[in-house]
Amino acid sequence: MNETDGLRYRRLIRPQIITDEPQAPENKSSSYSGKVFRVTLVTLAVSLLVPLIGAMILLESPIEPQYLSFPEPPLMCEALEPNVKLRQAERLFEGQLIGPESMANIGGVLYTGTADGKIVKIEDGKMHTLATLGRPPCGTQKDELTCGRPLGIRASQNRTLFVADAYLGIFEVNPFTGKVKVLVPTQIPVNGKSLSFVNDLDVTRDGRKIYFTDSSSKWQRRDYAYLIMEGINDGRLLEYDTFTKEVTVLMDNLRFPNGVQLSPNEDFVLVAEMTMARIRRCYVSGLNKGGLDLFVENLPGFPDNIRSSSSGGYWVAMSAVRPNPGFSMLDFLSQKPWIKKIIFKLLSQEALMQFIPKYSLVVELYDNGVCKRSFHDPHGVVATYVSEAHEQDGYLYLGSFRSPFLCRLNLSEV
């Protein structure tokens, strides 16, 4: 071995520092634990992602979403300036009324329909059942098909109640005896289309004509989240003649038509087109009879029922808003049908509801559609899931399609 070979194999001796403290041995177990943790984490991620991706690819979506387009929501300022005025309302009959969607008055007596298929009468602070429209069992969403689900309710000048039941049709109810009469059953198609989701109604002063909405011929009330997210335009406004017993289609191709309200002169009918955040108008008498136009568009929320106000305008209730400034999930998803399909592959309708912010909004519109004032409850602290604002004797009664109570707001205090 030559000198260079000796250099090649020479072993270097590193200097060591000698101290009085014992040196800690190398911790091989901590390195092993780290590897185990990383492997476990990766395994867990894969076990979650693989079924998720598989579900997104293999499962069918229950909806075929339409591509929709919205203008930028109106700024929440001036008449729409956010406030907490709805929090001044008081809750009535909490825990005793489930989903009192709509209300009507005959004198000092208040009537409403509930989620368990009942028409309830409230008089002198006491509540009792006036009538039931379907047959038991009742109380769950699965029971609605046979039990019924009263939605819109009106009182005519001849002291008769008219009720729109989502599953069963249009009814006349005697407010004193509770006797029920079917006027428009849902079993009979109109112009070849089913009445799958009867929603709201209004009646002329003489009781001759009833105007009502059928929100969809495809989806029923229990699938309203599908209807909203799909954006299908199969809703209609219809007219029922109590003399001839004929049903006529006045408007079709509507996206979730909801609330209905006759004008003070009964020359036109307003219809809330919920999915599109606007209100349509249909002329039913006078020189413009048969004409259609927009009453107001680009509302700050998605309108439910419309009711007249004492000032000659209209109250519009909204349980989901389009905040500006802010983020509106429904606006965001409107041009992304593929995301909507994925959502309903993975989530139920009830699960989706948990992602909708609880923001209650009631606006009063002038007779030309301009906003006069607004009452808000951000986060739904007191008034939640509002469906209707019904004015009576200086109070605004707030209905709800979901909450277990009514709310009453003293208008003189706001």
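For the structure, see preceding data.
Scope of this entry: the structure provided in the associated data block.

**Brief notes about the state of the cysteines**
Logical step 1: Under the counting rule described, the total for this entry stands at one disulfide.
Logical step 2: Covalent S-S linkage joins Cys138 and Cys147, the inter-sulfur distance amounting to 2.0 Å. On the S-S bond that ties Cys138 to Cys147, the torsion sits near 105°, and the link is right-handed.
Logical step 3: On the accessibility criterion, Cys147 (2% relative accessible area) is buried.

**Examining the nonpolar core**
Logical step 1: By size, the foremost hydrophobic cluster in this structure holds 43 residues, and its most contacted members are Val173 and Met229.
Logical step 2: Counting residues per element, this core draws most heavily on helix H4 (residues 224-230), at five residues.
Logical step 3: Every residue in contact with Met229, bar those within four places of it in the chain, is listed here: Ile63, Pro65, Leu330, Leu333, Lys340, Ile343, Phe344 and Leu352.
Logical step 4: Residues Phe268, Phe295, Met318 and Tyr359 belong to the second largest nonpolar core, which totals 19 residues.

**Brief notes about the sheet that holds strand E16 (residues 278-283)**
Pairing between the strands of a sheet comes from backbone hydrogen bonds, and it takes one of two forms, parallel or antiparallel.
Logical step 1: Taken in spatial order, the four strands line up as E14-E15-E16-E17 in an open sheet, and their pairing is antiparallel. Pairing within the sheet leaves two strands with one partner each, and these edge strands are strand E14 (257-262) and strand E17 (292-296). For this sheet the average axis-to-axis angle between neighbouring strands, irrespective of direction, equals 30°.
Logical step 2: When E14 meets strand E15 (residues 268-273), the two strands line up antiparallel, connected through four bridges. What sits directly across from Pro257, in E15, is Glu273.

**So, empty space enclosed by the protein**
Logical step 1: For the coordinates displayed, the defined rule picks out three cavities of 30 Å³ or more.
Logical step 2: As a volume, the largest cavity reaches approximately 390 Å³.
Logical step 3: Tyr224, Ile228, Met274, Ser319 and Phe401 are the residues nearest the centre of the largest cavity, which is lined by 25 residues in total.
Logical step 4: Those elements that place two or more of their residues in the lining of the largest cavity are H4, strand E18 (301-308), strand E19 (314-321) and helix H7 (349-353).
Logical step 5: Broken down by element, the residue count for the lining of the largest cavity peaks at four residues, all from H4.

**A look at the pairing of strand E5 (residues 126-132)**
Logical step 1: Bridge analysis of strand E4 (residues 118-123) against E5 gives six bridges, and the strand direction is antiparallel. Bridging from a neighbouring strand, Lys121 pairs with His128 of E5.
Logical step 2: Linkage of E4 to E5, two consecutive antiparallel strands, is achieved through a turn of two residues, within which Asp124 is found at a positive phi near 55°.

**Remarks on the side chain of His376**
Logical step 1: Here His376 shows up in strand E21 (residues 371-378).
Logical step 2: Separated by 3.4 Å, the side chain of His376 and the backbone oxygen of Leu80 make a polar contact.
Logical step 3: Not counting the four nearest positions on each side in its chain, His376 is found in contact with Met76, Leu80, Glu81, Pro82, Asn83, Val84, Lys85, Leu86, Arg87, Tyr359, Ser360 and Leu361.

**Remarks on unusual backbone geometry**
Logical step 1: Pro137 follows Pro136 through a cis peptide bond whose omega is 5°.
Logical step 2: A cis amide bond links Asn324 to the next residue, Pro325, at an omega of 10°.
Logical step 3: Inspection of the secondary structure assignment puts Pro325 in the loop between E19 and helix H5 (329-333).
Logical step 4: In this structure, Asp124 is a non-glycine residue whose phi angle is positive, near 55°.

Calculation rules
Residues numbered from 1 in each chain as written. Predicted model: local features only at pLDDT ≥ 70, side-chain atom pairs only at ≥ 80, totals over all residues. Heavy atoms only, no water. Disulfide = S-S within 2.5 Å. Buried < 20%, exposed > 50% of the residue type's maximum accessible area, 1.4 Å probe, protein only. Core = buried A, V, L, I, M, F, W, Y, C linked by side-chain atoms within 4.5 Å. Helix = DSSP H or I, 4+ residues; strand = E, 2+ residues; numbered from the N terminus. Contact = heavy atoms within 4.5 Å. Pairing = 2+ DSSP bridges. Axes fitted to C-alpha atoms, helices over the stretch in contact; angles between N-to-C directions. 1 Å grid on protein atoms, 1.4 Å probe; cavity = no way out; pocket = protein on both sides within 12 Å on 5 of 7 lines; lining within 4 Å. Points joined across faces, edges and corners; volume = space filled by probe spheres on them. Polar contact = N/O pair within 3.5 Å; in protein donor to acceptor, adjacent residues only side chain to side chain.

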